[in-house]
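Survey of secondary and tertiary structure
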Amino acid sequence: MGDVWKALADPTRRKILSLLKKRDMNAGEIASEFNMTKPSISNHLNILKQADLVDSEKHGQNVVYTLKTSVIEDILGILSDLTKRGEN
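As the structure is a prediction and not an experimental result, all values here were calculated from the model.

**A few points about the nonpolar core**
- One finds Ile-16, Leu-20, Ile-30, Leu-48 and Leu-53 to be the most contacted residues of the largest nonpolar core, which totals 21 residues.
- Of all the secondary-structure elements, those providing two or more residues to this core are helix H1 (2-9), helix H2 (11-22), helix H3 (27-31), helix H4 (38-50), strand S3 (62-67) and helix H5 (69-83).

**Re the pairing of strand S2 (residues 54-59)**
- Here S2 runs beside S3; their pairing, made up of six bridges, is antiparallel. Across the sheet, Glu-57 pairs through a bridge with Val-64, a residue of S3.
- Hairpin connection from S2 to S3: two residues lie between these consecutive antiparallel strands, with Gly-60 at a positive phi of about 65°.

**Focus on the side chain of Arg-13**
- For Arg-13, the position within the fold is in helix H2.
- Buried charge without a salt bridge: Arg-13, with Asp-10 as the nearest opposite-charge side chain at an N-O distance of 4.2 Å.
- Those residues in contact with Arg-13, other than ones at most four positions away along the chain, are Lys-6, Ala-7, His-44, Ile-47 and Leu-48.

**Let's talk about H4**
- A rise of 1.5 Å per residue sets the reference length of H4, with its 13 residues, at 18 Å; its end C-alpha atoms lie 18 Å apart and thus fit the reference within 8%.
- Those residues of H4 that sit buried are Ile-41, His-44, Leu-45, Ile-47 and Leu-48. Axial view of H4: buried residues confined to an arc of 155°, hence all on one face. Facing away from the buried side of H4 by more than 90 degrees, the exposed set consists of Pro-39 and Gln-50.
- Next to the buried residues of H4 lie H1, H2, H3, S2 and S3.
- Immediately downstream of H4, the backbone of Asp-52 shows phi near 65°, a positive value.

**Remarks on the pairing of S3**
- Sheet topology note: the strand S1 (residues 25-26)/S3 ladder contains two bridges and is antiparallel. By the bridge assignment, Asn-26 is partnered in S3 with Val-64.

**What about the packing of aromatic side chains?**
- Counted according to the given criterion, the structure contains zero aromatic pairs.
- Positioned above the aromatic ring of Phe-34 is the side chain of Lys-15, whose terminal nitrogen or guanidinium carbon lies 4.9 Å from the ring centre.

**A word on the packing of H1 against H2**
- It is at 5 Å that the axes of H1 and H2 come closest, and there the two elements cross at 95°. With respect to their mutual orientation, H1 and H2 come out roughly perpendicular. On the side of H1, the interface is formed by Lys-6, Ala-7, Leu-8 and Ala-9, while H2 contributes Pro-11, Arg-13, Arg-14 and Leu-17.
- Grouping the amino acids of the contact of H1 with H2 by side-chain chemistry returns five nonpolar, no polar and three charged.

Procedures and definitions
- Residues numbered from 1 in each chain as written.
- Predicted model: local features only at pLDDT ≥ 70, side-chain atom pairs only at ≥ 80, totals over all residues.
- Heavy atoms only, no water.
- Core = buried A, V, L, I, M, F, W, Y, C linked by side-chain atoms within 4.5 Å.
- Buried < 20%, exposed > 50% of the residue type's maximum accessible area, 1.4 Å probe, protein only.
- Helix = DSSP H or I, 4+ residues; strand = E, 2+ residues; numbered from the N terminus.
- Pairing = 2+ DSSP bridges.
- Lys, Arg positive; Asp, Glu negative; His and termini not counted.
- Salt bridge = Lys/Arg side-chain N within 4 Å of Asp/Glu carboxyl O.
- Contact = heavy atoms within 4.5 Å.
- Expected span 1.5 Å × (residues − 1).
- Arc of directions from axis to C-beta.
- Phe/Tyr/Trp six-rings, centres within 6.5 Å; stacked < 30°, edge-to-face > 60°.
- Lys NZ or Arg CZ within 6 Å of the ring centre and 35° of its normal.
- Axes fitted to C-alpha atoms, helices over the stretch in contact; angles between N-to-C directions.
- Parallel < 35°, antiparallel > 145°, perpendicular 65-115°, else oblique.
- Nonpolar A, V, L, I, M, F, W, Y, C, P; charged D, E, K, R; others polar.

Below is the structure:
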């Protein structure tokens, strides 16, 4: 779970997740949304993959990234449970 918090702590990674919420994208499409190098975007994508927040699949020469909602749903469940006072 620590990888998830680390991944979500960075505004660039949160923006990538927001982009992927709208549609699946390849690395070049994601990189075009930022003013940084492709290797930097690749690093951010690797961190998101390690945190299990995105999936990647090779399509020809492109790698397409997809948002994985299961981990995010788990986090929301944990946070919801923590905010319930006096309940077991």
